[in-house]
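Commentary on secondary and tertiary structure
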Amino acid sequence: MERLTTVEQRAPGKWQIATVSKIKVETARVKSFTFDVPMWMPHLPGQHYDVRLTDPDGYHAQRSYSVASSPLDKGQVELTIDCLDDGEVSPYFHEVVEEGDQVELRGPFTSYFVWRGESPVLLVGGGSGVVPLVAMLRHQQRTMPELDMRLVYSVRYPDDVIFADELGEETVLTYTREAPEGWTGHTGHVDAELLRGPAEGVQLAFVCGSNGFVETASGLLLDLGMQPSAIRTERFGPTS
């Protein structure tokens, strides 16, 4: 089995001040923020960083966000943040943070939800749960494009597709609420019909999304014959 050799998993670094060097609008509710990180260390695809905001009274608000960028982007990390209306942190990023601003970061944090070069591998994402999966996809395309990596991605509406300009033939989309005009692909929630082809012959699956999405997708993969040990999951609660 081929494995990545360019990244070693280490303990996360200390809190540090990173500078926002780029902001990209992904959808109406999702933005990607690229940070220049002074004490940068390479991460494994699937890891996350903590972000901490401090108000003038000293109150801290801290949240975790998956890294979207490849470990090959030396000196930088990209965090993709979904804005929640009642959140403490995500609205600040969407409404206040501009390029050149400084933010406290700490990471990358270890997790079993990391890709180390296994192939063929299946990625199954719902909504913003696609972010760590795209980190895996980006790194695969840059380091081992010959390896077989497949992505099944579920969104509600056409305008909800994050990283829409990057997804290619490796990706199968499904729209649960409304499909684009002329769409002939799958519609509705992830089901066995949608997963059967992409899951064929895979050694490992990564499933990321809401609790309900992860439960459903994981159960379907088990029904299709995958072993529990071959299914890695990460659940996204309301990260505000």
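Refer to the structure above for everything that follows.
Notes on the structure in this doc start here. In this text, all values refer to a predicted model and were calculated from it rather than measured experimentally.

A separate point is the overall build of the protein chain. A tally of helices and strands in the protein chain yields four helices and 12 strands. A globule of 240 residues ought to have a C-alpha radius of gyration of about 18 Å, and the protein chain, at 18 Å, matches this closely. The 240 residues of the protein chain split such that 51% are buried. At a minimum sequence separation of 6, the contacts of the protein chain that also span at least 24 residues come to 69%.

So, on to helix α4 (residues 211-223). Here α4 spans 18 Å end to end across 13 residues, near enough to the 18 Å set by a 1.5 Å rise per residue. Among the residues making up α4, those that are buried are F213, V214, A217, S218, L220 and L221. Relative to the axis of α4, the buried residues are bounded by an arc of 160° and lie together on one face. Taken together, the buried residues of α4 touch β7 (121-126), β8 (149-155), α3 (192-199), β11 (204-209) and β12 (231-235). Just downstream of α4, G225 is the residue with a positive phi angle, here 105°.

Strand pairing in a sheet relies on backbone hydrogen bonds. The paired strands run either parallel or antiparallel. In space, the six strands of this open sheet follow the order β4-β3-β6-β1-β2-β5, with antiparallel pairing throughout. Each edge of the sheet is formed by a strand with only one pairing partner; in this case those strands are β4 (60-66) and β5 (76-82). Adjacent strand axes in the sheet meet at a mean angle of 40° when their direction is disregarded. Pairing geometry for strand β3 (residues 48-54) and β4, over seven bridges, is antiparallel. Across the sheet, residue R52 finds its bridge partner in β4, namely Q62.

Within this model, the largest pocket holds a volume of roughly 1200 Å³. Secondary-structure elements contributing two or more residues to the lining of the largest pocket are β4, β5, β8, α4 and β12. Sort the elements by how many residues they give to the lining of the largest pocket and α4 lands first, with four residues.

Turning next to the sheet that holds β11. Read from one edge to the other, the open sheet built from six strands follows the order β10-β9-β8-β7-β11-β12, with strand pairing classed as parallel. Unpaired on one side and paired on the other, β10 (186-187) and β12 mark the two borders of the sheet. Where α3 meets the sheet, its contacts fall on β7, β8, β9 (171-175) and β10, and the angle it forms with β8 comes to roughly 165°.

Remark: the centre distance and the inter-plane angle together describe each pair of aromatic rings, the angle taken between the planes. Using the criterion set out here, one finds five aromatic pairs in the structure. Both rings, one in F113 and one in F206, keep their centres 5.2 Å apart while their planes meet at 90°; by these two values the pair is edge-to-face. Pair noted here: F113 is in the loop between β6 (102-109) and β7 and F206 is in strand β11, with a separation of 93 residues, a long-range link.

Conventions we followed
- Residues numbered from 1 in each chain as written.
- Predicted model: local features only at pLDDT ≥ 70, side-chain atom pairs only at ≥ 80, totals over all residues.
- Heavy atoms only, no water.
- Helix = DSSP H or I, 4+ residues; strand = E, 2+ residues; numbered from the N terminus.
- Rg over C-alpha atoms; globule rule 2.2 N^0.38 Å.
- Buried < 20%, exposed > 50% of the residue type's maximum accessible area, 1.4 Å probe, protein only.
- Contact = heavy atoms within 4.5 Å.
- Expected span 1.5 Å × (residues − 1).
- Arc of directions from axis to C-beta.
- Pairing = 2+ DSSP bridges.
- Axes fitted to C-alpha atoms, helices over the stretch in contact; angles between N-to-C directions.
- 1 Å grid on protein atoms, 1.4 Å probe; cavity = no way out; pocket = protein on both sides within 12 Å on 5 of 7 lines; lining within 4 Å.
- Points joined across faces, edges and corners; volume = space filled by probe spheres on them.
- Phe/Tyr/Trp six-rings, centres within 6.5 Å; stacked < 30°, edge-to-face > 60°.

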